[in-house]
Amino acid sequence: MGRRATIRHKLRLSPKRRTKPGTPPGTLSAPPDAPKSLVRVLAYDDTSFSELPQCGLEDVARLKAEGKRLWVDVQGVGDVDVVQWLGALFDFHPLALEDVVNLHQRPKVEAYGDHVYCVLRMPEYGIPLRLEQISVFFGKNFVVTFQEDPGDPLDPIRERLRNARGRIRTAESDYLAYALLDAIVDHYFPVLEGFADRIDLLEEQVLGAGHVDLISGLQDIRRELLLLRRAVWPLREMIGSLARAEFTDLVSDSTIPYLRDCQDHTAQLMDVLDNCRDLSTTLMDAYLSTVALRTNEVMRVLTIISTIFIPLT
């Protein structure tokens with residue numbers, strides 16, 4: 001597999017569906033390459049906090065029965081039994097559980113009676129860019145997250161819970177869900193800063209001399225920015241739905257202003273993203289113009305040489 005084919009594969013521009021056509025709705029089929037599920041639980045209330053880095057399913061049921069607020073964080077969706085067990089414990093809808101293990105979802109939000117289901121993409125900056133799917137369920141006294149792979153930008157939220165900073169331990173679970181969404185949205189900004197640095201470097205190479213083949217790098221950046229736009233555009237709609245008080249039973253009035261602020265951050269993301277796309281397009285045009293100019297100079301020299309030597313010949 002060539003370099004460009006490898007990049008296209010890692011970008012997952014055309015993700016494969018894991019369920020066969022005609023499969024009954026709600027059928028769970030984990031991706032064959034998905035890591036095994038690791039369950040971490042953070043249990044808290046106004047005055048206490050406990051954390052179980054590697055938690056058994058029985059411990060989750062026990063903590064839920066105690067009535068504390070829970071954040072159940074599942075890293076890896078390779079264990080369908082774990083997903084089904086947690087779905088039965090918290091009474092999640094089968095269609096939402098199906099979306100958890102099918103890692104090609106568009107960012108969206110759905111209400112299922114006594115809980116809300118959100119799915120979005122979490123960026124991991126690198127070359128090439130990678131976008132990981134994360135599913136967030138929240139309801140009364142619980143938040144359950146399913147991450148595609150271990151590792152995330154959510155450690156600041158865990159530290160706020162451990163140290164009781166802000167109102168995160170005194171507020172309801174919808175505020176914790178907002179905090180997770182906000183942390184993921186804010187994580188897009190350093191990713192876009194990395195793209196801006198790459199574009200600046202390519203601009204120096206385009207305007208400098210001696211760099212001939214830049215078309216591959218420019219095209220890779222444009223493709224990755226397109227992938228980011230596909231993730232951020234519906235994310236803005238999703239957070240906007242939560243902020244418009246469409247889920248009044250599960251999103252409190254005190255949390256709505258914070259969601260509106262998070263929605264404003266997604267609007268800023270779109271502005272920065274569009275600027276980066278415009279710059280990459282301008283660089284592509286400048287590079288092609290530079291190549292055409294150099295070709296014309298070579299042709300002019302060859303024409304002069306031909307004008308001199310053809311009559312002599």
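Because the structure is predicted, anything quoted here is derived from the model rather than measured.

Caption draft 1: Geometry of empty space enclosed by the protein. Going through the model one piece at a time under the given rule, you end up with one cavity of 30 Å³ or more. Lining the largest cavity, in full, are Phe 138, Asp 174, Ala 177, Tyr 178, Leu 242, Val 251 and Leu 259. When its residues are assigned to classes, the lining of the largest cavity shows six nonpolar, no polar and one charged.

Caption draft 2: Inspection of the packing of aromatic side chains at higher detail. Counting across every chain of the model gives nine aromatic pairs. On the numbers, 5.9 Å between centres and 45° between planes, the contact of Phe 92 with Phe 142 is tilted. Of the two residues, Phe 92 is situated in the loop between helix 3 (80-90) and helix 4 (94-101) and Phe 142 in strand 7 (residues 142-147); the sequence distance between them amounts to 50 residues. Of the two residues, Phe 92 and Phe 142, both sit in the buried class. Put simply, the rings of Phe 90, Phe 92, Tyr 117, Phe 137, Phe 142 and Phe 146 pair up and form one aromatic cluster. Stacked on the ring of Tyr 175, the Lys or Arg Arg 167 has its end atom at 4.6 Å from the ring centre. Stacked on the ring of Trp 233, the Lys or Arg Arg 236 has its end atom at 4.4 Å from the ring centre.

Caption draft 3: Molecular detail of the nonpolar core. With 61 residues, the main nonpolar core has Trp 71, Phe 138, Leu 176, Tyr 188, Leu 228 and Leu 242 as its most contacted residues. Among the secondary structure elements, those contributing two or more residues to this core are strand 1 (38-44), strand 5 (115-124), strand 6 (130-139), helix 5 (155-163), helix 6 (173-207), helix 7 (215-243) and helix 8 (256-312). Per-element tally for this core: the top contributor is helix 6, with 17 residues. Those residues in contact with Tyr 188 that lie beyond four places of it in its chain are Arg 121, Met 122, Pro 123, Leu 131, Leu 228, Ala 231, Val 232, Leu 235 and Leu 269. By size, the runner-up hydrophobic cluster in this structure holds 31 residues, among which are Cys 55, Val 60, Leu 86 and Tyr 112.

Caption draft 4: Seen up close, the pairing of strand 6. The buried fraction of strand 6 is high, at nine of ten residues. Connecting strand 5 to the antiparallel partner strand 6 that follows it, the hairpin turn spans five residues. Across six bridges, strand 6 lies against strand 7 in antiparallel orientation. Paired with Phe 138 across the two strands is Val 143, which belongs to strand 7. Hairpin remark: strand 6 followed by strand 7, antiparallel, with two residues in the connecting loop; positive phi at Asn 141, about 70°.

Caption draft 5: Focus on unusual backbone geometry. Its identity as a non-glycine residue notwithstanding, Asp 91 has a phi of 60°, on the positive side. Positive phi is not limited to glycine here, since Ala 164 has a value of about 55°. Inspection of the secondary structure puts Ala 164 in the loop between helix 5 and helix 6. Here Ala 164 falls in the partly exposed class, since its relative accessible area comes to 41%.

Caption draft 6: Spatial organisation of a negative patch on the surface. Judged by side-chain charge, Glu 193, Asp 197, Asp 200, Glu 203 and Glu 204 come together as a negatively charged surface patch. Along the chain, Asp 197 falls in helix 6. The exposure class assigned to Asp 197 is exposed, which follows from its relative accessible area of 54%.

Caption draft 7: Up close: the packing of helix 2 (residues 57-65) against helix 3. Where helix 2 contacts helix 3, the two axes come as close as 11 Å, and the packing angle between them is 15°. Judged by the angle between their axes, helix 2 and helix 3 are roughly parallel. For the crossing formed where helix 2 meets helix 3, the hand is right-handed. Judged by residue contacts, Leu 57, Glu 58, Val 60, Ala 61 and Lys 64 of helix 2 engage Val 82, Trp 85, Leu 86, Leu 89 and Phe 90 from helix 3. For the contact of helix 2 with helix 3, the class distribution of residues is eight nonpolar, no polar and two charged.

Caption draft 8: Focus on the packing of helix 6 against helix 7. For the pair helix 6 and helix 7, the least separation of the axes is 12 Å and the interaxial angle reads 160°. Between helix 6 and helix 7, the angle falls in the class roughly antiparallel. As for the relative orientation of helix 6 and helix 7, their crossing is left-handed in sense. Between helix 6 and helix 7, the residues in contact are Leu 181, Val 185, Tyr 188, Val 191, Leu 192, Phe 195, Arg 198, Ile 199 and Leu 202 and Gly 217, Leu 218, Ile 221, Glu 224, Leu 225, Leu 228, Ala 231, Val 232, Leu 235, Met 238, Ile 239 and Leu 242, respectively. Classifying every residue of the contact of helix 6 with helix 7 gives 18 nonpolar, one polar and two charged.

Caption draft 9: Spotlight on the side chain of Glu 132. Assignment of secondary structure puts Glu 132 in strand 6. Buried within the structure, Glu 132 lacks any salt-bridge partner; Arg 130 is the closest side chain of opposite charge, at an N-O distance of 4.2 Å. In this structure the side chain of Glu 132 is engaged in a polar contact, spanning 2.9 Å, whose partner is the backbone nitrogen of Asp 149. Not counting chain neighbours up to four residues away, the residues in contact with Glu 132 comprise Leu 120, Arg 121, Met 122, Gln 147, Glu 148, Asp 149 and Gly 151.

What counts and what doesn't
Residues numbered from 1 in each chain as written. Predicted model: local features only at pLDDT ≥ 70, side-chain atom pairs only at ≥ 80, totals over all residues. Heavy atoms only, no water. 1 Å grid on protein atoms, 1.4 Å probe; cavity = no way out; pocket = protein on both sides within 12 Å on 5 of 7 lines; lining within 4 Å. Points joined across faces, edges and corners; volume = space filled by probe spheres on them. Nonpolar A, V, L, I, M, F, W, Y, C, P; charged D, E, K, R; others polar. Phe/Tyr/Trp six-rings, centres within 6.5 Å; stacked < 30°, edge-to-face > 60°. Helix = DSSP H or I, 4+ residues; strand = E, 2+ residues; numbered from the N terminus. Buried < 20%, exposed > 50% of the residue type's maximum accessible area, 1.4 Å probe, protein only. Lys NZ or Arg CZ within 6 Å of the ring centre and 35° of its normal. Core = buried A, V, L, I, M, F, W, Y, C linked by side-chain atoms within 4.5 Å. Contact = heavy atoms within 4.5 Å. Pairing = 2+ DSSP bridges. Patch = residues over 30% accessible without salt bridge, like charges linked within 9 Å, V, L, I, M, F, W, Y side chains within 5 Å. Areas by Shrake-Rupley, 256 points an atom, 1.4 Å probe, with all protein chains shown as cover. Salt bridge = Lys/Arg side-chain N within 4 Å of Asp/Glu carboxyl O. Lys, Arg positive; Asp, Glu negative; His and termini not counted. Charge placed at Lys NZ, Arg CZ, Asp CG, Glu CD. Axes fitted to C-alpha atoms, helices over the stretch in contact; angles between N-to-C directions. Parallel < 35°, antiparallel > 145°, perpendicular 65-115°, else oblique. Left-handed = near helix turned anticlockwise from the far one by under 90°. Polar contact = N/O pair within 3.5 Å; in protein donor to acceptor, adjacent residues only side chain to side chain.

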